[in-house]
Amino acid sequence: MPKSQNSFAVKIKQKIVDILHSGSSQNERPFLKKHNESNVPGLFIIGDLAGAPVIKYAMAQGYEVIEHIASLPAAIGGNGEDLHDVIIIGAGAAGLNAALQAKERGMSYVVLEKEKMADTIQNFPEGKWVYAEPDSQPSKGKLWLDGATKEDLIKRWKQIVEENQVNLHSLEAVTGCEKKDGIFHVTTPKATYRGKRVVLATGQRGNPRKLNVPGDDQEKVYHRLYSPRKYKNENILVVGGGNSAIEAAITLSEQNKVYLSYRKAEFSRIF
C-alpha cells in the first residue's frame, strides 16, 4: 500500500477507535447485536455504553429496547410473584425511559440505581444548559426533554417518576449478575432480583478517569466541576479532550486564566 494510503487508513482506524471508546473509559464499547442485545441472550445494553451519550439518543434506545422485548413471545406476565419481566440497571435518561415504557406496556420491572436518579445530570455544573439535540428527531417515550437548565430538567423528571410511580430503587448498587437456567439473578447488598431479561443502562460518567500521577490526590485536584462560578481570578489547568473538558475550560475561562492540556494533536472526540 502506498505511504499516503497507509497514512489515510491509520487515520480512519483511529477515528473508529475514538468512536468506539467511551468518553471516560479506555475500553471499547461492547459488541451488540440487533435491538442492542449483547452476546448474552436476554441482556440488552443501552445509553452511553451502547454509543448513545446524547440524551435524546439514550432515551430513544430505552424506549425501543422495551418495545422490542414486549414484542417477544411470553415477554409479559405469567411470572409468579418474584420474577420480573425485565430488570433495568441504571436510572439515567436511557434507564428511566425504559422503565416508563415498561410500565406503559404492563410489564413487571424494577430499576436499580447505585446513586440517585439521573446522577450524571445532577452532577453537571450549576446552571448548565441541557440541549435537546438533534432538533430534527422527536423524543420517544414519556420522559420529558427540552432545552433547559439541568435544575429544571431534573425537577421535571422527578415529577414524571413520581406521577408514574416508577419502581425505582435508588442507592442500591448491583454487585452481581448471573444467568441460571434461563433466568437472570441480579444481586445487590439488599436483595437478589430474578428477571427474564436485563437492560443495562449504567453509562460511564460515574467513573471519572484519573491521571494516576504524583499529586493526583491533592485537595486542589478535582475530577468533577460542579460550581464554576465560585472560581475567580485563578490559574486553572483543565486536562482532557472530550466534551466535559472543553465545556469546563470555556465556562471557567469567563473569570479565570485557563490552560487546556490534551495528549492528542486534535480534539477528535467532541461533538
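So, how was this worked out
- Residues numbered from 1 in each chain as written.
- Predicted model: local features only at pLDDT ≥ 70, side-chain atom pairs only at ≥ 80, totals over all residues.
- Heavy atoms only, no water.
- Pairing = 2+ DSSP bridges.
- Helix = DSSP H or I, 4+ residues; strand = E, 2+ residues; numbered from the N terminus.
- Axes fitted to C-alpha atoms, helices over the stretch in contact; angles between N-to-C directions.
- Left-handed = near helix turned anticlockwise from the far one by under 90°.
- Contact = heavy atoms within 4.5 Å.
- Salt bridge = Lys/Arg side-chain N within 4 Å of Asp/Glu carboxyl O.
- Buried < 20%, exposed > 50% of the residue type's maximum accessible area, 1.4 Å probe, protein only.
- Core = buried A, V, L, I, M, F, W, Y, C linked by side-chain atoms within 4.5 Å.
- Expected span 1.5 Å × (residues − 1).
- Polar contact = N/O pair within 3.5 Å; in protein donor to acceptor, adjacent residues only side chain to side chain.
- pLDDT = per-residue confidence, 0-100.

Draft legend 1. Local environment of the sheet that holds strand β2 (residues 83-84). Overall, mixed pairing links the four strands, which are arranged β2-β10-β9-β8 in an open sheet. Of all strands in the sheet, those bounded by a partner on one side alone are β2 and β8 (176-180). Bridge count for strand β9 (residues 183-187) against strand β10 (residues 192-195) is four bridges, and the pairing is antiparallel. In the sheet register, His 185 faces β10, and the bridge partner there is Arg 194.

Draft legend 2. Up close: the packing of helix α2 (residues 55-70) against helix α3 (residues 93-104). Axis separation between α2 and α3 bottoms out at 7 Å; the angle between their running directions is 35 degrees. Judged by the sense of rotation from one axis to the other, the crossing of α2 with α3 is right-handed. For the pair α2 and α3, contact is made by Ile 55, Ala 58, Met 59, Ala 60, Gly 62, Tyr 63, Ile 66 and Glu 67 and by Ala 93, Ala 94, Asn 97, Ala 98, Gln 101 and Ala 102, respectively.

Draft legend 3. Main features of the pattern of salt bridges. On inspection of all chains with the given rule, the structure shows eight salt bridges. Residues Arg 105 and Glu 67 are paired through a salt bridge, measuring 2.8 Å at the closest nitrogen-oxygen approach. Of the two residues, Arg 105 is situated in the loop between α3 and β4 (109-112) and Glu 67 in helix α2; the sequence distance between them amounts to 38 residues. Owing to a relative accessible area of 39%, Arg 105 belongs among the partly exposed residues under this scheme. With a shortest N-O distance of 2.4 Å, Lys 128 and Glu 247 are connected by a salt bridge. One end of the pair, Lys 128, is in the loop between α4 (119-122) and β5 (129-130); the other, Glu 247, is in helix α6 (residues 243-252), with 119 residues separating them in the sequence. The partly exposed category is assigned to Glu 247, whose relative accessible area is 37%.

Draft legend 4. The arrangement of the nonpolar core in detail. One finds Ile 55, Ile 66, Ile 69, Val 86, Trp 157 and Val 199 to be the most contacted residues of the largest nonpolar core, which totals 38 residues. When neighbours within four sequence positions are excluded, Val 86 is seen to be in contact with Ile 66, Ile 69, Ala 102, Met 107, Ser 108, Tyr 109, Val 110, Arg 197 and Val 199. Formed by nine residues, the second largest nonpolar core is a distinct cluster that contains Ile 87, Leu 112, Phe 184 and Tyr 193.

Draft legend 5. Structural view of the sheet that holds strand β3 (residues 86-89). Read across the open sheet, the five strands follow the order β1-β11-β3-β4-β7; overall the sheet is parallel. Each edge of the open sheet carries a strand with a single partner, namely β1 (43-45) and β7 (168-169). Where β3 lies against strand β11 (residues 198-200), three bridges are found, and the strand directions are parallel. Opposite Ile 87, over in β11, you have Val 198 as the bridge partner. Along the sheet face, α2 touches β1, β3 and β11 and points at about 160 degrees away from the line of β1.

Draft legend 6. Summary view of α3. An ideal rise of 1.5 Å per residue puts 16 Å on twelve residues; α3 measures up with 16 Å between its terminal C-alpha atoms. The element α3 is extensively covered by neighbouring structure, given that ten of its twelve residues are classed as buried. Lining the buried residues of α3 we find α2, β3, β4 and α5 (150-163). Gly 106 occupies a position one or two residues after α3 and carries a positive phi of about 75 degrees.

Draft legend 7. The arrangement of the side chain of Asn 97 in detail. Its location among the elements puts Asn 97 in helix α3. The class of Asn 97 is buried, set by a relative accessible area of 0%. One polar contact links the side chain of Asn 97 to the main-chain amide nitrogen of Leu 143, over a distance of 3.2 Å. Beyond its immediate sequence surroundings of up to four residues, Asn 97 is in contact with Met 59, Ala 60, Gly 62, Tyr 63, Lys 140, Gly 141, Lys 142 and Leu 143.

Draft legend 8. Seen up close, the confidence of the model for the chain. Confidence along the chain averages 86 in pLDDT terms, with 86% of residues attaining 70 or more. When the criterion is pLDDT under 50, residues 19-27 qualifies, and its contacts beyond four places in sequence or with other chains add up to 23 contacts.

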